[in-house]
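The residues making up each chain are set out below.
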Amino acid sequence: MPQGIPRSGEKYLHFKDKLYQVITVAEHSETEEKLVIYQALYGDFKIYARPLSMFISQVDKEKYPQVQQEYRFQLAGQQEEVIEQSMEVENKSAEDKLMEFFDAETMEEKYQILLGMRDVLNDRMVNNMAVVLDVVIEEGPLEQRYEELKSCVRTFQKYECTRLR
């Protein structure tokens, strides 16, 4: 079932577990080919352009047989079904902890939750937490990214103000 034309603001999960947001669909001035302009929601938030036909294409299952996702870029709302199919019980508790992190009211709470997530953390979770904190965590080994995220939360915690505004 095709996804249709991406729209501005929609979030898509690449089959390699990176999250992107569509900026617009543009038209090449010479060839009139439709191009999707989109931004990474991780790392240094680079902006990319890709032909629409490639953006909405299906994953090559011969080249990537382990991939559960149907499309190269799956609309974020549709990707939840794919995640549920491939999740184990341990990962479900990881998603619950991730939601706890998002819902925590203080940086101290976030830090304590983060400490408890070490064994279930993956790159996608680090990316999502970084976006929520509005920080950039560079790509690299997971352990290094985890330490950088902890450091960011600790810095926020140090300057967190509890007075009424």
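Our structure is the block above this text.
Let us look at the structure shown here. The structure displayed is predicted, hence computed values, not measured ones.

### Describing the packing of aromatic side chains
Thought 1: Scanning all chains against the criterion turns up 11 aromatic pairs.
Thought 2: Pairing Tyr 12 with Phe 55 gives two aromatic rings, centres 5.2 Å apart and planes at 75°, and the pair type is edge-to-face. In this pair, Tyr 12 sits in strand 1 (residues 11–14) while Phe 55 sits in helix 1 (residues 52–55), placing the two residues 43 residues apart along the sequence. One exposure class covers both Tyr 12 and Phe 55, and it is buried.
Thought 3: Look at Tyr 20 and Tyr 38: their rings are 5.3 Å apart centre to centre, the planes differ by 80°, and that puts the pair in the edge-to-face class.

### A short note on helix 4 (residues 107–116)
Thought 1: Those residues of helix 4 lying buried are Met 107, Lys 110, Tyr 111, Ile 113 and Leu 114. The buried residues of helix 4 all sit within an arc of 165° when viewed along its axis, so they share a single face.

### Quick notes on unusual backbone geometry
Thought 1: The residue Asp 17 is not glycine, and still its phi comes out positive at about 70°.
Thought 2: Checked against the element boundaries, Asp 17 lands in the loop between strand 1 and strand 2 (19–27).
Thought 3: A positive phi angle, near 65°, is found at Glu 32, a position not held by glycine.
Thought 4: Looking at the element boundaries, Glu 32 is found in the loop between strand 2 and strand 3 (34–40).
Thought 5: Given a relative accessible area of 57%, Glu 32 falls into the exposed group.

### A short note on the pairing of strand 2
Thought 1: Relative to strand 2, strand 1 runs antiparallel, the two being bridged by three bridges. Its bridge partner being in strand 2, Leu 13 is matched across the sheet by Leu 19.
Thought 2: Connecting the antiparallel pair strand 1 and strand 2 is a turn made up of four residues, with Asp 17 showing a positive phi of about 70°.
Thought 3: Strand direction decides the pairing type here: strand 2 and strand 3, joined by seven bridges, are antiparallel. Paired with Glu 27 across the bridge in strand 3 is Lys 34.

About the thresholds
Residues numbered from 1 in each chain as written. Predicted model: local features only at pLDDT ≥ 70, side-chain atom pairs only at ≥ 80, totals over all residues. Heavy atoms only, no water. Phe/Tyr/Trp six-rings, centres within 6.5 Å; stacked < 30°, edge-to-face > 60°. Helix = DSSP H or I, 4+ residues; strand = E, 2+ residues; numbered from the N terminus. Buried < 20%, exposed > 50% of the residue type's maximum accessible area, 1.4 Å probe, protein only. Arc of directions from axis to C-beta. Pairing = 2+ DSSP bridges.

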